[in-house]
Amino acid sequence: VPTRNAIGQGSLQTLHIDEYVQAISSRYGEWSSDPRQGMVAITGDRGCGKSVVMDALSHSLDGHIVSANAPVGAVSEKQALQWLISATGIEAEPSTESVIDALNRETLSVFLLSNLHRLYTRSVGGYAGLDSVLAVMQATGRKHFWVVSFHGPAWSFLAGMDHVGNVGVFPTRIHLQPVGPADLS
């Protein structure tokens, strides 16, 4: 319990994440000069620093930054898109086409979306939320730069699926390594 409390109180803020932030910043620079599918996925196990990397990115990337955390249980298309509408501050109906149109009218933004694995459940029809958000991101990836985080095992599961949760749309994946003994101490 003391370790869990220490993690919860910000001890992970001292993790060595510079290489991850630099890799994503470089990708952002490349995308800025040649905007092809601005999508980056950060993956890793619980407690390895995904949120720390996202926080560092919010301070290091140029431009209008929007950060949001996916809610638990928004697994239907309408719920997931309603969350995305709220998170991005756009005016749209909760349909893929409406959200894409609204985002394409906005000025360039960097969207940092955490815990996208919360947008699906392993059941029939349980992938609609994630699929709709991924479709929006892919359709607007030339206009906006998207950085999302996934729990590592959820990413591995989705990577093995051909017909749902197509995580293959991410041209860049940054996998955070487990926290080593030096960082744990």
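Scope of this entry: the structure provided in the associated data block. Numbers given for residues are sequential positions, taken from 1 along each chain in its written order. The predicted nature of this model means local features are confined to residues of pLDDT at least 70 and side-chain atom pairs, given and counted, to a pLDDT of 80 or more, with totals for whole chains, interfaces and linings taken over all residues. As a rule here, side-chain values come from all non-hydrogen atoms in the structure, and water together with hydrogens is ignored.

Structural remark: α-helix, 3.6 residues per turn; residues separated by three or four positions point the same way. Accessibility here uses a 1.4 Å probe with only protein chains present; expressed as a share of the type maximum, an area under 20% marks a residue as buried, one over 50% as exposed, and anything in between as partly exposed. Put simply, DSSP marks the helices as runs of H or I at least four residues long and the strands as runs of E at least two long, and each gets a number from the N terminus on. All buried positions along helix α3 (residues 50-60) are accounted for by Lys50, Val52, Val53, Met54 and Leu57. Taken together, the buried residues of α3 touch α2 (18-33), β1 (39-44), β3 (109-114) and β4 (145-151). Any two residues whose heavy atoms approach within 4.5 Å are treated as being in contact.

Across the seven residues of β4, seven count as buried, placing the element largely inside the fold. Here β4 shows no split at all, with Phe145, Val147, Ser149 and His151 on one side and Trp146, Val148 and Phe150 on the other all buried. The criterion for strand pairing is that DSSP finds at least two bridges linking the strands in question. Alignment of β1 against β4, held across six bridges, turns out to be parallel. Paired with Gly44 across the two strands is His151, which belongs to β4. Of the strand pairs in this sheet, β3 and β4 are connected by four bridges, and their pairing is parallel. Across the sheet, residue Leu112 finds its bridge partner in β4, namely Val147.

Moving on, we get to the environment of Glu19. Within the secondary structure, Glu19 is located in helix α2. Between the alpha carbons of Glu19 and Val53 there is a distance of 9.9 Å; along the sequence they are 34 residues apart.

To continue, consider the environment of Ala92. Position of Ala92 relative to the elements: it lies in the loop between α4 (77-88) and α5 (96-105). Once the C-alpha coordinates of Ala92 and Gln82 are considered, the two residues, ten residues apart in sequence, prove to be 8.8 Å apart. Contact partners of Ala92, with chain neighbours within four places excluded, come to Ile85, Ser98, Val99 and Ala102.

Two elements in contact, α5 and helix α6 (residues 128-140), have axes whose closest approach is 10 Å; the angle formed by their N-to-C orientations is 35 degrees. The crossing of α5 and α6 is right-handed. Residues Thr96, Val99, Ile100, Leu103 and Asn104 of α5 pack against Ser132, Ala135, Val136, Ala139 and Thr140 of α6. For this scheme, ten residues count as nonpolar: Ala, Val, Leu, Ile, Met, Phe, Trp, Tyr, Cys and Pro. Four count as charged, namely Asp, Glu, Lys and Arg, and the remainder, Gly too, count as polar. The residue inventory of the contact of α5 with α6, partitioned by class, reads six nonpolar, four polar and no charged. The angle between two axes is taken between their N-to-C directions and runs from 0 to 180 degrees, where each axis is a line fitted to C-alpha atoms and a helix contributes only its stretch in contact. We call a crossing left-handed when the near helix sits turned anticlockwise from the far one by less than a right angle, and right-handed when that turn is clockwise.

A separate point is α6. The span you would expect from a helix comes to 1.5 Å times its residue count less one. In this model, α6 (13 residues) spans 18 Å end to end at C-alpha, consistent with the 18 Å of a helix rising 1.5 Å per residue. Turning to α6, its buried residues number three or more, namely Gly129, Leu130, Ser132, Val133, Leu134, Val136, Met137 and Thr140. On its buried face, α6 is in contact with β1, α4, α5, β4 and α7 (152-159).

Below, the discussion takes up the nonpolar core. Grouping buried Ala, Val, Leu, Ile, Met, Phe, Trp, Tyr and Cys residues that are joined through side-chain atoms within 4.5 Å yields what is termed a nonpolar core. Core analysis: the biggest nonpolar cluster contains 37 residues, and Trp83, Leu113, Leu116, Leu119, Met137, Phe150 and Phe170 have the highest contact counts within it. Contributing elements (two or more residues each) for this core: β1, β2 (64-69), α4, α5, β3, α6, β4 and α7. Here this core gets six residues from one element, more than from any other, and that element is α4. If you look at the next biggest cluster of nonpolar residues, it comprises 20 residues, including Ile17, Cys48, Met54 and Leu176.

Considering the arrangement of structural elements, one finds Ser58 in helix α3. By relative accessible area, which is 22% here, Ser58 ends up partly exposed. Setting aside residues no more than four positions away along its own chain, Ser58 makes contact with Ile65, Ser67 and Leu112. Pairing of N or O atoms within 3.5 Å defines a polar contact, subject to two protein rules: one partner must be a possible hydrogen donor and the other a possible acceptor, and residues neighboring in sequence count only if both atoms are side-chain atoms. Engagement of the side chain of Ser58 in a polar contact is seen with the backbone oxygen of Asp55, the distance being 2.5 Å.

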